[in-house]
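A look at the structure
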Amino acid sequence: MDAIYDHSRESHWPVLAPSLTTVFSSRLSAGDARDYDAFVASARGSHYSQARSWAPVVMSTKPVTPIYFLLRSGGRVIGAALVLRARLGGMPLPLAQVERGPVCQRKEDLPKVLEALKACTLRHGIARLSVMPYWSEDPQRVASWLEREGFSNHQSFAGRHARTLRINLADIDEAEPFAAPELAKVRHEVRRAERAGVVVRRGERDDLLAFRTMHEDLQCQADKALPQDSWCQALADYFFADDNRGAVFVCESEGEPISVVFVTCHGGLATYAIGASSSTQSRFPKMVLPMAQAVLWAKKIGAHSFDLGGIPLEGDTDPKRGSIAKFKYGFSHTEVSLVHEHVRWF
């Protein structure tokens, strides 16, 4: 277990602050694991990508070692983070990233959590740390705290999104979910798809093969690397392990899958995580039916909001991201700004 030290102005030697203790380990004890899971599941500034259950998905996409960070004050957890340390072969590199974290219950705790996280990463030889706390309330204030701790804004148009759209699920009527005037486009496209005989259903593990084919086609079109074989297995293990944690929806035309949508639910917020569609031509958006069903699923399991995923930052002129955003605006015009990615070199 690491300890947090206060540096007094009178001395260069650290003085232990006994009320603050940290854990920074790739293997948690049973008690620490319970505390980590409970805190990340309930904290207001949390995100599904900070859960231990998401770590295998990340590890299947890039060479990283997950390290779990906990900060306790008087024995009570006030901060947590899934730190992804880069590695080359079996060797750890001095680079680490916290996707959508660190996690806090109160954003006022963030400066203290950042200071502790910085100390832990530095002691373990990490020279570059990237963080992105998941807060939509007063993101500018959070950014100012990050800058005060020595982090600089590293957000790019192509990076993890810092702007999104959300649906207040209290406004969705289960009997006529898309009857509101502002949802007229979605309602129209859903009806067009249904008239064309297209159907949507809950996905099964066997549907991962069709999804992988669609996803790899899109990756090839964008000249991007293809995922490892373990990626789809990790997705299946995550999304089919718990009906309330995640769901998959498959859209079929004439018995063939034409799109697949993955959605998570974490802390009452359902989030569109990933999706893909086939190159088959259609007279309607191929993602509209599975996305609509994902919204209804989120409403049914008691989520309070549905996050449609990223939309471009102001000034981003990428046509593909713009086209995706246009589709999402059919479901909601409630824009939400998030904290940008920030990086510190030690």
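No experiment lies behind these values; they were computed from the predicted model shown. (Residues numbered from 1 in each chain as written. Predicted model: local features only at pLDDT ≥ 70, side-chain atom pairs only at ≥ 80, totals over all residues. Heavy atoms only, no water.)

Our next topic: the environment of Pro 63. For Pro 63, the location among the structural elements is in the loop between helix H2 (55-59) and strand E3 (64-73). Judged by its relative accessible area of 45%, Pro 63 is partly exposed. Spatially, the C-alpha atom of Pro 63 lies 24 Å from that of Asn 153, the residues being 90 residues apart in sequence. (Helix = DSSP H or I, 4+ residues; strand = E, 2+ residues; numbered from the N terminus. Buried < 20%, exposed > 50% of the residue type's maximum accessible area, 1.4 Å probe, protein only.)

Take the packing of helix H5 (residues 184-195) against helix H8 (residues 288-300) next. One way to put it is that H5 packs onto H8 with a least axis distance of 9 Å and a crossing angle of 120°. One way to sum up the angle between H5 and H8 is to call them oblique. The interaxial crossing formed by H5 with H8 has left-handed handedness. Contact with H5, carried on its side by Val 186, Glu 189, Val 190, Ala 193 and Glu 194, involves Val 288, Leu 289 and Ala 292 of H8 and no other residues of that element. Split into classes, the residues belonging to the contact of H5 with H8 amount to 6 nonpolar, no polar and 2 charged. (Axes fitted to C-alpha atoms, helices over the stretch in contact; angles between N-to-C directions. Parallel < 35°, antiparallel > 145°, perpendicular 65-115°, else oblique. Left-handed = near helix turned anticlockwise from the far one by under 90°. Contact = heavy atoms within 4.5 Å. Nonpolar A, V, L, I, M, F, W, Y, C, P; charged D, E, K, R; others polar.)

Note that strand E7 (residues 128-131) and strand E16 (residues 342-345) share 4 bridges and pair antiparallel. For Ser 130, the partnering residue across the bridge sits in E16 and is Val 343. Pairing of strand E8 (residues 152-153) with E16, which is carried by 2 bridges, proceeds in the antiparallel orientation. Residue pairing in the sheet places Asn 153 in a bridge with His 342 of E16. (Pairing = 2+ DSSP bridges.)

A few words now on the pattern of salt bridges. According to the stated counting rule, one finds 20 salt bridges in the structure shown. The closest approach of N and O atoms between Glu 335 and Arg 163, which form a salt bridge, is 3.0 Å. With a gap of 172 residues between them, Glu 335 in strand E15 (residues 335-337) and Arg 163 in strand E9 (residues 163-168) connect regions that are remote in the sequence. Classification of Glu 335 as partly exposed rests on a relative accessible area of 41%. In this structure Arg 163 comes out as buried when scored by relative accessible area, which is 14%. When the shortest N-O distance is used, the salt bridge between Glu 216 and Arg 212 registers 2.6 Å. Note that Glu 216 and Arg 212 are positioned in helix H6 (residues 208-221) at a spacing of 4 residues, about one turn of the helix. Taken as a pair, Glu 216 and Arg 212 share a single burial class, namely buried. Several salt bridges share partner residues, and in doing so they unite Asp 32, Asp 35 and Arg 72 into one network. (Salt bridge = Lys/Arg side-chain N within 4 Å of Asp/Glu carboxyl O.)

Right, let's get into the sheet that holds strand E11 (residues 246-253). Judged by pairing direction, the sheet is mixed, and its 7 strands sit side by side in the order E10-E11-E12-E13-E14-E9-E15 without closing on themselves. Each edge of the open sheet is held by one strand with a lone partner, namely strand E10 (199-202) and E15. The sheet shows a mean angle of 30° between the axes of neighbouring strands, taken without regard to direction. Where E11 and strand E12 (residues 256-266) come together, 8 bridges link them in antiparallel fashion. Along E12, the bridge assignment pairs Ala 247 with Val 263. Across the sheet, H6 lies against E12 and strand E13 (269-277), angled at about 70° from E13, the strand it touches most.

Turning our attention to the pairing of E13. With 7 of its 9 residues buried, E13 lies for the most part within the structure. The pairing of E12 with E13 spans 8 bridges and is classified as antiparallel. Pairing of Val 261 across the sheet is with Gly 275, part of E13. Connecting E12 to the antiparallel partner E13 that follows it, the hairpin turn spans 2 residues, and Gly 267 within it adopts a positive phi of roughly 60°. Inspection of the sheet shows E13 paired to strand E14 (residues 305-310) by 3 bridges, in the parallel sense. Pairing of Ala 270 across the sheet is with Phe 306, part of E14.

With the rule as written, the count across this model stands at 10 aromatic pairs. Ring geometry for Tyr 48 versus Trp 54: centroids 4.9 Å apart, planes at 85°, classification edge-to-face. Both residues of the pair, Tyr 48 and Trp 54, count as buried. A centroid spacing of 5.0 Å and a plane angle of 75° characterise the contact between Tyr 238 and Phe 239, whose relative ring orientation is edge-to-face. Of the two residues, Tyr 238 and Phe 239, both sit in the buried class. What links up through ring pairs into an aromatic cluster is the set Tyr 48, Trp 54, Phe 211, Trp 231, Tyr 238, Phe 239 and Phe 262. Above the face of the Tyr 238 ring, Arg 245 is positioned so that its terminal group lies 4.4 Å from the ring centre. (Phe/Tyr/Trp six-rings, centres within 6.5 Å; stacked < 30°, edge-to-face > 60°. Lys NZ or Arg CZ within 6 Å of the ring centre and 35° of its normal.)

Counting 37 residues, the largest nonpolar core has Tyr 36, Trp 54, Phe 211, Leu 235 and Phe 262 as its most contacted members. Looking at this core element by element, the count peaks at 7 residues for helix H7 (residues 229-239). Ignoring anything within four residues of it in the chain, the contact list for Trp 54 reads Tyr 48, Ser 49, Leu 235, Tyr 238 and Phe 239. Ranked by size, the runner-up nonpolar core spans 35 residues in total, among them Ile 167, Val 198, Ile 258 and Ala 303. (Core = buried A, V, L, I, M, F, W, Y, C linked by side-chain atoms within 4.5 Å.)

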